[in-house]
Amino acid sequence: PATAQGGGAPPAGDDVIVLGEVGALTGGQATFGISTRNGIALAVKEANAAGGVKGKKLVVRVYDDQSKPEEAAQAVTRLITQDKVVLILGEVASSSSLAMAEKAQAAGVPMITPSSTNPSVTEKGENIFRVCFIDPFQGFVMAKFARENLKLNKVAVLQDNKSAYSIGLTEVFRQKFAELGGKITATESYSQGDTDYRAQLTAIKKTQPEGIYVPGYYSEVGIIARQARELGLKVPLMGGDGWDSEKLFELGGSAIEGSYFSNHYSPDNPDERVKKFIADYKADNNGAVPDALAALGYDAARVAIEALKNAPDTSGPAVRAAIAKTKDFPGVAGNITLDAKRNAVKSAVVLKVQDGKSTYVTTISP
Ligand code: PHE
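Residues numbered from 1 in each chain as written. Predicted model: local features only at pLDDT ≥ 70, side-chain atom pairs only at ≥ 80, totals over all residues. Heavy atoms only, no water.

**Student:** Can you tell me about the overall build of the protein chain, naming the residues and giving the values?
**Tutor:** Per the secondary structure count, the protein chain includes 12 helices and 15 strands. By the compact-globule yardstick of 21 Å for 366 residues, the protein chain fits well, its C-alpha radius of gyration being 20 Å. Expressed along its principal axes, the backbone C-alpha trace of the protein chain runs to roughly 65 × 40 × 40 Å. For the protein chain, the residues scored as buried account for 57% of the 366 residues in total. Taking the contacts inside the protein chain whose residues are at least 6 apart along the sequence as the reference set, 68% of them involve residues at least 24 apart. As presented, the protein chain carries roughly 14,200 Å² of accessible surface, and 51% of it is formed by carbon and sulfur atoms. A gap of 3 Å separates the mean positions of the 41 positive and 41 negative side-chain charges of the protein chain. (Helix = DSSP H or I, 4+ residues; strand = E, 2+ residues; numbered from the N terminus. Rg over C-alpha atoms; globule rule 2.2 N^0.38 Å. Buried < 20%, exposed > 50% of the residue type's maximum accessible area, 1.4 Å probe, protein only. Contact = heavy atoms within 4.5 Å. Areas by Shrake-Rupley, 256 points an atom, 1.4 Å probe, with all protein chains shown as cover. Lys, Arg positive; Asp, Glu negative; His and termini not counted. Charge placed at Lys NZ, Arg CZ, Asp CG, Glu CD.)

**Student:** Lay out the pattern of salt bridges with the relevant residues and their values.
**Tutor:** One pass over the structure, following the stated rule, counts 10 salt bridges. One salt bridge in this structure joins arginine 198 and aspartate 196, with 3.2 Å as the shortest N-O distance. Across the pair lysine 327 and aspartate 328 runs a salt bridge, and its minimum N-O distance is 3.9 Å. A single salt-bridge network, built from bridges that share partners, covers Asp196, Arg198 and Glu230. (Salt bridge = Lys/Arg side-chain N within 4 Å of Asp/Glu carboxyl O.)

**Student:** Which residues make up the sheet that holds strand S11 (residues 260-263), and what are the values?
**Tutor:** Reading across from one edge, S8-S7-S9-S10-S11-S14-S15 is the order of the seven strands in this open sheet, with mixed pairing throughout. With one partner strand each, in any of the chains shown, strand S8 (183-190) and strand S15 (357-364) form the two edges of the open sheet. Going across the sheet, the axis of each strand differs from the next one's by a mean of 25 degrees, ignoring polarity. The pairing of strand S14 (residues 348-354) with S15 spans seven bridges and is classified as antiparallel. Bridging from a neighbouring strand, valine 353 pairs with serine 358 of S15. Across the face of the sheet, helix H7 (residues 198-206) comes into contact with strand S7 (154-160), S8 and strand S9 (211-213) while running at roughly 170 degrees to S8. (Pairing = 2+ DSSP bridges. Axes fitted to C-alpha atoms, helices over the stretch in contact; angles between N-to-C directions.)

**Student:** How would you explain the packing of helix H2 (residues 69-81) against helix H3 (residues 94-107) if you had to name every residue and give the values?
**Tutor:** Between H2 and H3, the shortest axis-to-axis distance is 7 Å and the interhelical angle comes to 25 degrees. It follows that H2 is roughly parallel to H3 by the angle criterion. For the element pair H2 and H3, the recorded crossing hand is right-handed. Of the residues in H3, those in contact with Pro69, Ala72, Ala73, Val76, Thr77 and Ile80 of H2 are Ser95, Ser96, Ala99, Met100, Lys103, Ala104 and Ala107. For the contact of H2 with H3, a count of residues per class yields nine nonpolar, three polar and one charged. (Parallel < 35°, antiparallel > 145°, perpendicular 65-115°, else oblique. Left-handed = near helix turned anticlockwise from the far one by under 90°. Nonpolar A, V, L, I, M, F, W, Y, C, P; charged D, E, K, R; others polar.)

**Student:** Describe the packing of aromatic side chains, naming the residues involved and giving the relevant values.
**Tutor:** Going through the model one piece at a time under the given rule, you end up with 12 aromatic pairs. Relative to tyrosine 260, the ring of phenylalanine 145 lies with its centre 5.1 Å away and its plane at 55 degrees, an arrangement referred to as tilted. One end of the pair, phenylalanine 145, is in helix H5 (residues 135-149); the other, tyrosine 260, is in strand S11, and 115 residues separate them in sequence. Note on phenylalanine 277 and tyrosine 281: the rings are 5.9 Å apart at their centroids and 50 degrees apart in plane angle, and the pair reads as tilted. Pair noted here: phenylalanine 277 and tyrosine 281 are both in helix H10 (residues 272-284), with a separation of four residues, about one helical turn. Here phenylalanine 277 and tyrosine 281 have matching classes, each one buried. What links up through ring pairs into an aromatic cluster is the set Phe32, Tyr165, Tyr217 and Tyr218. Taking the ring centre of phenylalanine 177 as reference, the NZ or CZ of arginine 147 above it sits at 6.0 Å. (Phe/Tyr/Trp six-rings, centres within 6.5 Å; stacked < 30°, edge-to-face > 60°. Lys NZ or Arg CZ within 6 Å of the ring centre and 35° of its normal.)

**Student:** Pulling in residues and values, what's your account of the site of the ligand?
**Tutor:** Contacts to the ligand come from 13 residues, most closely from Ser94, Ser115, Thr117, Tyr217 and Asp241. Between serine 94 and the ligand, the recorded distance is 2.5 Å, taken from a side-chain N or O atom to an oxygen atom. The fraction of the free accessible surface of the ligand (320 Å²) that becomes covered by protein chains is 100%. (Near = heavy atom within 4 Å. Polar contact = N/O pair within 3.5 Å; in protein donor to acceptor, adjacent residues only side chain to side chain.)

**Student:** So, the nonpolar core: which residues are in play, and what are the values?
**Tutor:** The biggest cluster of nonpolar side chains holds 52 residues, and the ones touching the most others in it are Met142, Phe173, Phe177, Tyr213, Trp243 and Ile256. Among the elements that take part in this core, H5 stands out by supplying six residues, more than any other. What phenylalanine 173 contacts, discounting residues up to four positions off in sequence, is Gly139, Met142, Ala143, Val155, Val157, Ile184 and Tyr213. Within the second largest apolar cluster, 47 residues are counted, among which are Leu58, Leu89, Val131 and Tyr298. (Core = buried A, V, L, I, M, F, W, Y, C linked by side-chain atoms within 4.5 Å.)

**Student:** Please set out H5 residue by residue, giving values where relevant.
**Tutor:** Structural remark: α-helix, 3.6 residues per turn; residues separated by three or four positions point the same way. For H5, with 15 residues, the first-to-last C-alpha span of 20 Å sits near the 21 Å given by 1.5 Å per residue. Those residues of H5 not exposed but buried are Asp135, Phe137, Gln138, Gly139, Val141, Met142, Ala143, Phe145, Ala146 and Arg147. Against the buried residues of H5 lie helix H6 (164-179), S9, strand S10 (237-239), S11, S14 and S15. A positive backbone phi angle near 55 degrees is found at lysine 151, which sits one or two residues after H5. (Expected span 1.5 Å × (residues − 1).)

Note that all results are geometric; they support no functional claim without further evidence.
Structure (structure tokens):
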């Protein structure tokens, strides 16, 4: 079962407001959950230092879902029934957020996903929000970059058929790339957790693509990159935000060098607000540079805290209505205005993997 983290948190009482968080702190997407948790913790620390909300301190109840959607759903039920949280932050992986949203919506408890990009997540109902862009835009960004910047004509796709995120992004990329005059030579699939991708890569190689789009998560993408190079596939690999992890460079090594992916944020941003966030985050996390998950976790928590301040009380309907009003909120991963479908409309960045890290290439706006 999902395990509670940070056992030192005080219990719910009249003097505290309890927020819920569900994240992958272990398993195949562990760096996503850990970065998000660190970003949320920084935002909550700052808010408490500034006096808390409505005269009360904020505490966060965190559950580890082990990178599994079923566990994420269970954790939401526990947060609502046992911990009596006023709102829920999470998840990163769209499949987990979809499972959570179902429960949060039914219970009337507002939920904000920092970083799930699959459109269906917020379609679960009026209580479900996100502070990031959605995949119809993200898929367009890489299709456009592949066509216009990399000048690719023929691209193959390798998707994770266990991930709502990967399936959705594949669909959009294929459509947009074709619309821009490119040709999709092959679409192959794998299942999260697989370790041998040679059959799919061999089939892809036969179609002689000039690039391969791999919209999966870092745990699999790193290995896919190595096996692709072993099989003599030298063309650039391209992906989405799911690549964003230090672990990608570890797993992919030199095989992932020269690849590109779309993302929400780049730590290279010279904006003062971003620089301050990076410095504060590093100070709290042994010098670690915040990735997009950390930035979006921080932003989601700050949007939640702002809504709690603005709401007349902390009931579900009041908090929900306050979140829905979020407009021009200054996030570190871009300004946040929530549209009628409870999604944020923001720019994306394209990053290149170079010398074992990701470097900023360009920004693409909606
Ligand atoms: N967008 C991904 C999903 O919906 C999650 C993700 C976001 C991963 C940002 C890394 C960085 O599943």
